[in-house]
Amino acid sequence: MINVQDLRITFGKGTPNENKALQGVNLSVAEGEFVTVIGSNGAGKSTFMNCLTGELIADSGTITIDGKDVSRWKAARRSSLVSRVFQDPLAGTCEALTIEENLSLAHSRGQKRGFGLAINNNKRDLFRERLSRLRLGLEDRLADKMGLLSGGQRQAVSLIMATLQPTKCLLLDEHTAALDPRMQAFVLELTNDIVKETGITTLMITHSMGQALQFGTRTVMLHEGQVVLDVSGEERSSMTIHDLVEMFGKVRGEELDSDSLLLG
Ligand SMILES: Nc1ncnc2c1ncn2[C@@H]1O[C@H](COP(=O)(O)OP(=O)(O)OP(=O)(O)O)[C@@H](O)[C@H]1O
């Protein structure tokens, strides 16, 4: 489903701040796989996701999604293939619009501009049905402004929005990091349910090694702009957090403590 070959990007080329953020990322993700992505601060995780969504165009390398070479496609063109939920609950939704208007915009993704906010009863029924699955009572608050919702409620709605239209891949960029532990658990379970139900190919960045092993079917680790670890199957299912830290240390030839990886 996703095939990334030798992806490279350097920020501030030729300046004293030159930063080789991606240094040859190679990754193939099969349809329906749920990959958790870990790595220390600055490893290149968000940059990699930005390249997948088209918010950044890599200097070199190729990205194929669903058999299409999207390497040079802008974000808008990729939007029917890729949807994303950000870390910041404010980033993916518009707080000045109502819940149903936000959902309506997500529903019209990939369609002509201008039709996004048009809402009819069919759409409203669909939105109510999707929201009711959250069991947060939001199906009765369609006309409330998005800005009234808590961070966790917004992330839950963002997940519904990301999967409202058929899409090929779901990219989750630390989407529970800003939430309290209870809401974090709720949004992660919701994520798991949606991924299972839709079978959507998913990449989830997390700073929690616990979440990285608990969720998904495969874990990859980025370090200094490269994939340095890739575990799945039995190897992964029998793995503990401690094993994962140790493997990372081995790959890097470094002694690492839990602080450097922000374990959770
Ligand atoms: N637009 C940009 N301009 C310049 N440098 C950037 C830009 N975006 C990212 N970087 C740098 O690229 C490197 C990789 O950043 P990135 O945000 O991808 O890391 P990350 O693995 O997501 O880290 P974190 O876990 O801290 O979010 C960092 O050194 C960062 O400062």
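Only a predicted model underlies this, so the values are computations on that prediction, with no experimental measurement involved.

Requested: an account of the confidence of the model for the protein chain, with residues and values cited.
On average, residues of the protein chain carry a pLDDT of 89, and 92% of them reach 70 or more. Taken element by element, the predicted model of the protein chain shows its lowest mean pLDDT in helix 9 (residues 241-252) (79) and its highest in strand 1 (residues 2-11) (98).

Report on the pattern of salt bridges, specifying residues and quantitative values.
Under the definition given, this model contains 14 salt bridges. When the shortest N-O distance is used, the salt bridge between Asp66 and Lys68 registers 3.5 Å. Residue classification places Asp66 among the partly exposed residues on the basis of a relative accessible area of 28%. Residue classification places Lys68 among the partly exposed residues on the basis of a relative accessible area of 34%. Glu197 is the partner of Arg133 in a salt bridge, and the nearest nitrogen-oxygen pair spans 2.6 Å. With a gap of 64 residues between them, Arg133 in the loop between helix 4 (121-132) and helix 5 (151-162) and Glu197 in helix 6 (residues 181-198) connect regions that are remote in the sequence.

Give me the lowdown on the nonpolar core, citing residues and values where you can.
Core analysis: the largest hydrophobic core is formed by 31 residues, its most contacted members being Ile99, Leu103, Leu131, Val157 and Leu159. Secondary-structure elements contributing two or more residues to this core are helix 3 (99-107), helix 4, helix 5, strand 7 (169-173) and helix 6. Those residues in contact with Ile99 that lie beyond four places of it in its chain are Leu131, Leu138, Arg141, Leu142, Asp144, Met146 and Leu149. Counting 30 residues, the second largest nonpolar core, distinct from the first, contains Met1, Val35, Val70 and Leu222.

Explain the packing of aromatic side chains residue by residue, including any values.
Across all of its chains, the model carries 0 aromatic pairs by this definition. Above the face of the Trp73 ring, Arg77 is positioned so that its terminal group lies 3.9 Å from the ring centre.

Give me the packing of helix 5 against helix 6: which residues, what numbers.
The interhelical angle for the contact between helix 5 and helix 6, taken along N-to-C directions, is 10°, at an axis separation of 10 Å. Comparing their axes, helix 6 and helix 5 come out roughly parallel. Contacts between helix 5 and helix 6 involve Gly152, Gln153, Gln155, Ala156 and Leu159 on the former and, on the latter, Met183, Phe186, Val187, Leu190, Thr191 and Ile194. For the contact of helix 5 with helix 6, the per-class residue count stands at 7 nonpolar, 4 polar and no charged.

Can you explain the pairing of strand 9 (residues 218-223)? Please cite residues and give values.
Buried residues dominate strand 9, accounting for 6 of its 6 residues. Burial along strand 9 is two-sided: Arg218, Val220 and Leu222 facing one way and Thr219, Met221 and His223 facing the other are all buried. Looking at chain direction, strand 3 (residues 34-38) and strand 9 are connected through 4 bridges and run parallel. Counterpart to Ile38 in the pairing with strand 9 is Met221. Alignment of strand 9 against strand 10 (residues 226-232), held across 6 bridges, turns out to be antiparallel. What sits directly across from Thr219, in strand 10, is Val231.

Describe in detail helix 3, supporting the description with residues and values.
Along an α-helix, residues three or four apart share an orientation, since each turn contains 3.6 residues. Summarising burial for helix 3: 7 of the 9 residues are buried, a large majority. Here helix 3 has its buried residues at Ile99, Glu100, Asn102, Leu103, Ser104, Ala106 and His107.

Can you lay out the sheet that holds strand 5 (residues 68-69) for me, pointing to particular residues and giving the numbers?
The sheet built from 4 strands is open, its strands ordered 2-1-4-5 with antiparallel pairing. Among the strands making up the open sheet, the edge pair consists of strand 2 (19-29) and strand 5. Of the strand pairs in this sheet, strand 4 (residues 60-65) and strand 5 are connected by 2 bridges, and their pairing is antiparallel. Note on strand 5: the bridge partner recorded for Thr64 is Asp69.

Can you break down the site of the ligand residue by residue, with the values?
The local shell around the ligand holds 13 residues, among which Asn19, Asn41, Lys45, Thr47 and His207 are the closest. Side-chain polar atom of Asn19 to an oxygen atom of the ligand: 2.7 Å apart, as the coordinates give it. One of the backbone N or O atoms of Gly44 is found 2.9 Å from an oxygen atom in the ligand. The fraction of the free accessible surface of the ligand (630 Å²) that becomes covered by protein chains is 59%.

Outline the environment of Val228, listing residues and values.
Following the sequence through the fold, Val228 ends up in strand 10. In sequence terms Val228 and Lys196 are 32 residues apart; their C-alpha atoms lie 27 Å from each other.

How would you explain the sheet that holds strand 7 if you had to name every residue and give the values?
One open sheet holds the 6 strands; their spatial order is 6-7-8-3-9-10, and the pairing between them is mixed. With one partner strand each, in any of the chains shown, strand 6 (82-85) and strand 10 form the two edges of the open sheet. Geometrically, the sheet is characterised by an average inter-axis angle of 20° between neighbouring strands, direction not taken into account. With 5 bridges joining them, strand 7 and strand 8 (residues 201-205) adopt parallel strand pairing.

Rules behind the numbers
Residues numbered from 1 in each chain as written. Predicted model: local features only at pLDDT ≥ 70, side-chain atom pairs only at ≥ 80, totals over all residues. Heavy atoms only, no water. pLDDT = per-residue confidence, 0-100. Helix = DSSP H or I, 4+ residues; strand = E, 2+ residues; numbered from the N terminus. Salt bridge = Lys/Arg side-chain N within 4 Å of Asp/Glu carboxyl O. Buried < 20%, exposed > 50% of the residue type's maximum accessible area, 1.4 Å probe, protein only. Core = buried A, V, L, I, M, F, W, Y, C linked by side-chain atoms within 4.5 Å. Contact = heavy atoms within 4.5 Å. Phe/Tyr/Trp six-rings, centres within 6.5 Å; stacked < 30°, edge-to-face > 60°. Lys NZ or Arg CZ within 6 Å of the ring centre and 35° of its normal. Axes fitted to C-alpha atoms, helices over the stretch in contact; angles between N-to-C directions. Parallel < 35°, antiparallel > 145°, perpendicular 65-115°, else oblique. Nonpolar A, V, L, I, M, F, W, Y, C, P; charged D, E, K, R; others polar. Pairing = 2+ DSSP bridges. Near = heavy atom within 4 Å. Polar contact = N/O pair within 3.5 Å; in protein donor to acceptor, adjacent residues only side chain to side chain. Areas by Shrake-Rupley, 256 points an atom, 1.4 Å probe, with all protein chains shown as cover.

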